[in-house]
Amino acid sequence: MPDTLREKFAKLSGVAFRRYLMYTNVAISCTLSGVGDLIQQRHEITTKKIPEWNERRTRKMALTGLPIGIICHYYYTFLDRKLPGRSLKILTTKLLVDQFVMSPISLGTFLVSVAYLENATVHEFFESLKKKLWRLYVAEWVLWPPAQAVNFYFVPPKYRLLYDNVISLGYDVYTSYVNHDNDD
């Protein structure tokens, strides 16, 4: 008897979110980082800031999702192993670790990845760090504490990075904006 579309999707998602969870998480991270840049470039084209879509730029932004996706996959696994449960104390601890440890690691990884992909010199990297890090970190403080409170309290562990990436799409648009904003 043939499987229904729903049954096929359930089997596929079961494989993707169990057996190949890390690869799934990284693929989603790369895809949404690229989509965030596409959205930002579409806005820049509409407002006449750029004349046309820059495919290389989107490819580079998508590639920044690779190391971040890997790091976040293992981060959520580690965090849930070390801090199991959903009590207020556990939730608060996870939020503090997320903002004071993981946020700087993610931002640093993003900025190092961009510098590498753009063949930036060490001097150019540090200049970029000075211009962009604070803007991105302040935005992290606005977006992520409430989003992660929902994530850590309601979302099952195997779907945490998926949820993170879906929320991150808006943040990816902003990171693309900050990364390519020459008016700082």
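As recorded in an unreviewed UniProt entry, the protein goes by the name Mpv17-like protein 2, listed as coming from Photinus pyralis. Checking UniProt for the protein, the heading Sequence similarities (unreviewed entry) contains the comment "Belongs to the peroxisomal membrane protein PXMP2/4 family." Under the Subcellular location (unreviewed entry) heading, UniProt states for the protein: "Membrane".

Participant: Mind laying out the packing of aromatic side chains, listing which residues take part and the relevant values?
Facilitator: With the rule as written, the count across this model stands at 9 aromatic pairs. Taking the centre distance of 5.2 Å and the plane angle of 55° together, the rings of Y75 and Y76 count as tilted. According to the relative accessible area criterion, Y75 is buried, its value standing at 9%. Look at Y137 and W141: their rings are 6.3 Å apart centre to centre, the planes differ by 85°, and that puts the pair in the edge-to-face class. In this pair, Y137 and W141 both sit in helix α5 (residues 122-154), 4 residues apart, roughly one turn of the helix. A relative accessible area of 17% places Y137 in the buried class. A network of ring pairs unites the aromatic residues W144, Y171, Y174 and Y177 as a single cluster. Looking at R86, its charged tip hangs above the ring of Y153, at a distance of 4.6 Å from the centre.

Rules used throughout
Residues numbered from 1 in each chain as written. Predicted model: local features only at pLDDT ≥ 70, side-chain atom pairs only at ≥ 80, totals over all residues. Heavy atoms only, no water. UniProt positions renumbered as here; feature names shortened; annotations may be inferred. Phe/Tyr/Trp six-rings, centres within 6.5 Å; stacked < 30°, edge-to-face > 60°. Buried < 20%, exposed > 50% of the residue type's maximum accessible area, 1.4 Å probe, protein only. Helix = DSSP H or I, 4+ residues; strand = E, 2+ residues; numbered from the N terminus. Lys NZ or Arg CZ within 6 Å of the ring centre and 35° of its normal.

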